[in-house]
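Structural overview
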Amino acid sequence: MCLGIPARVVAIVDANAGLALADTAGVSRQINIGLLALEGREPSTLVGEWVLLHVGFAMAVIDQSEADRALALLAQMEEGAS
C-alpha cells in the first residue's frame, strides 16, 4: 500500500530541475514536480495548488476538498496510533 500526503505548493525552487517548495501541515519541504511536468503542467501554474506526495514526488494535483479529506483521515490515523 502506498501513502500519499497532501501538500500545498508554495514556490518553485528550480523549474528546470522540477523542484518546488511545498507545505504539509506546517512543515516546508522541497519536492519534485517533474512527474507533473510530464503531464504538461507548467511549474508556475502549480503555486497554490494541492498535490499528492509520495516519497517526495508530486504524483497528482488534487482539489481542496480532496486534500481536506485526506488530511482529516491522516489526523484520525495519528489519533488512533497514540
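A quick note: this is a predicted structure, and the numbers were derived from the prediction, not measured. (Residues numbered from 1 in each chain as written. Predicted model: local features only at pLDDT ≥ 70, side-chain atom pairs only at ≥ 80, totals over all residues. Heavy atoms only, no water.)

**Digging into the pairing of strand S3 (residues 27–32)**
Pairing of strand S2 (residues 19–24) with S3 involves six bridges; the strand directions are antiparallel. The residue bridging Ala 22 from the neighbouring strand is Arg 29, located in S3. Counting the residues that bridge the hairpin from S2 to S3 gives two residues, and of these Ala 25 lies at a positive phi of roughly 50°. (Pairing = 2+ DSSP bridges. Helix = DSSP H or I, 4+ residues; strand = E, 2+ residues; numbered from the N terminus.)

**Observations regarding a nonpolar patch on the surface**
A cluster of nonpolar side chains, Leu 35, Leu 38, Val 55, Phe 57 and Met 59, forms an exposed patch at the surface whose accessible area comes to about 510 Å². Elements that contribute at least two residues to the nonpolar patch include exactly helix H1 (34–38) and strand S5 (57–62). Mapped onto the elements, Met 59 comes out in strand S5. Given the relative accessible area of 40%, Met 59 is considered partly exposed. (Patch = residues over 30% accessible without salt bridge, like charges linked within 9 Å, V, L, I, M, F, W, Y side chains within 5 Å. Areas by Shrake-Rupley, 256 points an atom, 1.4 Å probe, with all protein chains shown as cover. Salt bridge = Lys/Arg side-chain N within 4 Å of Asp/Glu carboxyl O. Buried < 20%, exposed > 50% of the residue type's maximum accessible area, 1.4 Å probe, protein only.)

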